[in-house]
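Fold and contact review
Here is how the chains run, residue by residue.
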Amino acid sequence: MSHYRRRAGLCAPLFLHVTLRVLMGVALLQFALCGRAQAPAPLPANAQANTNTVLLPDRGNVTVLKLDDQLRVGKPINDGEALTFTSSDSVNGVVDRDMHLQGRAQIRRNGGVVKADEITYNPDTDVADLLGNVELSKGNVTFKGPKGTFKVDAREGSMETAEYELRDNGGNGQVKKLTIENTDIFVFDKATYTTCTPQNMDWYFSASTLEIDNEQKEMVGTHGVMRFFDVPIAYVPYFTAPTGGQRRTGLLAPVAGYSSNNGLDITQPYYVNIAPNRDLLLLPRYMNHRGAMLGAQYRFLDTQYSGTAMGEYMSYDKKTGTSRWKYDWQQRQVFSGSVGPGGIPMPGAWSGYANMSRVSDNLYPTDFSQSIAGAVTSQFRQEVGTTKGLTGSLSNWNVSAKAITFQTLQPDLTAPVQSPYNVLPNINASYNNRLTPAVADVSGKYVTLPTGPATTFSTDYTRFAYNVNSNLAYAPAGYLYSQADRTVIKGAMALPQITPGYYITPKVSFQSNTYAATAAVTSANPLGAAPPPQGFTIPTFSLDSGLAFERDAAELKGFFGRDMLLTMEPRAFYVYTPYQNQSQTPLFDTTDAGFGVSQIFSENTFVGNDRIADSNATTLGLTSRMIEANTGAERANVTLAQKQQFTGQKVGLNRTIVNPTTYLDTLGSGSVRLLGNFSADVFGQYNTQLNRFVQTTVGGSWRPTQGRSLNFGYRNVWSPPTQAFGPTPATLAQTTTDQYNISGQWPITREVSVLGRWGYDALTTKTLNSLVALEWSRDCWTFRGAYSQVLNTSQITTTQVLFQVEFKGFGSAGGNPVDIMKLNVPGYMPTSKPIPPSTYENYQ
């Protein structure tokens, strides 16, 4: 899609304006030539300043003081090379022996500032005595007190009953005695620390001694006591904490909560900063209903590899009387070749990966997961693989290999989960004549797109295996094979013709499958009898085409408040695939693709390599969009599509369809994004033969400002009847899904926000999940509390109570309900982090 606009021409008012200014300048120039004045000659270099006086240190070519139109950061200077400047209302003393500054006295040196009502400086001892409204500033730290001493050259000093401020994180406090050991190390006696304002000391941390290293951005203290509303809540004999967000080895804030499965649940994390690109998190955990558990997570990152490894182990579970464990290892690595942004291997690289996870039993995620997503996980995989892009004359080829085994959990015996075949192994070689990246033209502004036929070819070999000693009730449908080999060969050639106003892409392709399988010996099939697996070779022809029209929609400007474009994009897609009986073809990794806006324009109605749908059909669709003319942002779209089959589809997933229909459903979808942060999406699948919607999805959200959101969702699915196939029983036509979801976040005061979610299943008349949460945010702390209830299985409901008190700029205590809030409330925004201070904040 493209459109052209008239280039801007010469504008008459601008032309007259420029012409008048030129003529006036020529006229005034005549007078200027007659009475011009010559500027004074610059002073000689030696006359600009006394040879014994330097106004500024040499920072490049800057040698004189002058006004500037903006604040600038100068080049860093070593303390030994920096000059010292003083200023005050009056100065008296003895030269080279004593100097007394009175009234707004200041001493400045290399970014450090000393201020006081009176400053007495002795050059022999390098000691400056400070009296009255003393203030010391260096970098991000400021100290204030009634009096103090300071060694100017040594950058050492002390103050009594001082106040301090760390501008990096807003930390501040009071000290009984301050000792400045050097430029970057400050030692406090009897100190307090908080990020609250002095007028609102809701929490503070007191310590017997406190040392701040401004260079390492670290704080070390002894005998620390945390007080919240003057109530002691924690004591540590020794602690370290970062002052600028850097990682440091040490204890993290404990995590606490309560659940119906585990009772009181407490975790005390310990962080180990191994290296800048490696760290370790130890997670000792205690649950009073079950016992103690030890967990650990190791993270690593390098230019050629990255990953995580974690594990959890409980030697004895008081509820089950068994040991419980889990491991998860994920790694990506490039063995050879270059790496692009984000660690993506470049063409020609050889890379590999590992994704290994497993648990001890079926109920481990339900019992121990601290998130809803983890609690409902029913399958863990153990997968390793590698990919190599060939180079030279074979640069359009990729080869890959992988092996996968699955652990399928059965937490709910009334709702069994089908266990898939293991892949041991899969080897693939693929060719794409357009695999080489697009090349920019001479100007570097445009990319030269490839032209001519687009050709792809691939060959794929897979050995499937199934553990017949496991529970066969969860085996895949159809005949069960203990081992099977499958070879798949695919090829395709397309000739795309793409222009701004239309496109047309004819394409021919084929797929050829061959099988060699051994039937499993089971109690239902003691002889291991099964018909020979049937392969196939099937060609496909498709023709995809579309048009693009657009116009200026002046009638929409009054509604959207800006210039809009309205498009109309008709599309026609034809596909022909001859029928071939596949009723004796095994099913290993194939399922229905579903029926949606993207699937209706696809060649095959199945996902996987074991089924090719016969088709002789045309799909017609129409899409209209409302687009902002200046930005290209899409504000609304509507799509209607219908697939008309000239011959009914006979190939089914589990059988041959006896009486196929030649008329499929009509699909419709729409979405709108209004400027008031209101959005709505709707999808419908209508069956004209049954005169009913078989699938309906409606969703909407309103997010007027940050921290305010309301969401609504509804989904209804009606499933047609199915016939029995092997151990899979027949089903009747029925509504399989009828669910509602409501969620939101809204402030009730300037400090308090409430959150909630309710998920309801109308078929079972049960609440699927519920959440009630509260967030109370002050200037230096935030309290979050959440109560959630989740129906994990038809027999198990988990109730959780989580709370967290976050002390801004210091840490947090309690469980972390932010994750559960994000998962349950779309658009949830936790309390915003403070804005980092500017370089020129409190500029001295």
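The structure presented is a predicted model; accordingly, all values stated were derived computationally and were not measured.

Here we come to the pattern of salt bridges. With the rule as written, the count across this model stands at 24 salt bridges. Note that Arg463 is salt-bridged to Asp485, the shortest N-O span being 2.7 Å. Of this pair, Arg463 sits in strand 27 (residues 454–465) while Asp485 sits in strand 28 (residues 481–494); the two residues are 22 residues apart in sequence, bridging distant segments of the chain. A relative accessible area of 29% places Arg463 in the partly exposed class.

Take a nonpolar patch on the surface next. A cluster of nonpolar side chains, contributed by Tyr258, Leu264, Ile266, Val772, Tyr787 and Val801, occupies part of the molecular surface with about 540 Å² of accessible area. Tracing the chain through its elements places Ile266 in strand 15 (residues 263–267).

Grouped together as the largest cluster of nonpolar side chains are 41 residues, with contacts concentrated most on Ile119, Leu130, Phe143, Tyr164, Phe188 and Trp203. If you tally residues by element for this core, the top one is strand 10 (residues 203–213), at 5 residues. Judged by nonpolar contacts, the second largest core, of 17 residues, contains Val423, Ala519, Phe536 and Ile612.

Among the structural elements, Tyr316 can be located in the loop between strand 19 (305–314) and strand 20 (324–336). For Tyr316, a relative accessible area of 48% translates into the label partly exposed. Taking C-alpha positions, Tyr316 is 7.1 Å from Gly291, a pair spaced 25 residues apart along the chain. Those residues within four positions of Tyr316 in sequence are excluded, and the remaining contacts are Arg290, Gly321 and Thr322.

What follows covers the state of the cysteines. This model, assessed by the stated rule, comprises 1 disulfide. Between the sulfur atoms of Cys196 and its disulfide mate Cys780 the distance is 1.9 Å. Sign of the S-S torsion, about 75° for the bond between Cys196 and Cys780, identifies this disulfide as right-handed. Separated by 584 residues along the polypeptide, Cys196 in the loop between strand 9 (185–193) and strand 10 and Cys780 in the loop between strand 44 (766–777) and strand 45 (781–791) bring together distant segments of the chain. By relative accessible area, Cys780 is classed as buried at 0%.

For the rest of this paragraph, the subject is the confidence of the model for the protein chain. For the protein chain, the average pLDDT comes to 82, and 83% of its residues sit at 70 or higher. Highest mean pLDDT in the protein chain belongs to strand 31 (residues 536–547) (96); lowest belongs to helix 1 (residues 12–34) (39). In the model, residues 1–59 has pLDDT below 50 throughout and makes 30 contacts with residues more than four positions away in sequence or in other chains.

Counting through the fold element by element, Ser615 comes out in strand 36 (residues 615–628). You can call Ser615 buried: its relative accessible area is 6%.

What counts as what
- Residues numbered from 1 in each chain as written.
- Predicted model: local features only at pLDDT ≥ 70, side-chain atom pairs only at ≥ 80, totals over all residues.
- Heavy atoms only, no water.
- Salt bridge = Lys/Arg side-chain N within 4 Å of Asp/Glu carboxyl O.
- Helix = DSSP H or I, 4+ residues; strand = E, 2+ residues; numbered from the N terminus.
- Buried < 20%, exposed > 50% of the residue type's maximum accessible area, 1.4 Å probe, protein only.
- Patch = residues over 30% accessible without salt bridge, like charges linked within 9 Å, V, L, I, M, F, W, Y side chains within 5 Å.
- Areas by Shrake-Rupley, 256 points an atom, 1.4 Å probe, with all protein chains shown as cover.
- Core = buried A, V, L, I, M, F, W, Y, C linked by side-chain atoms within 4.5 Å.
- Contact = heavy atoms within 4.5 Å.
- Disulfide = S-S within 2.5 Å.
- pLDDT = per-residue confidence, 0-100.

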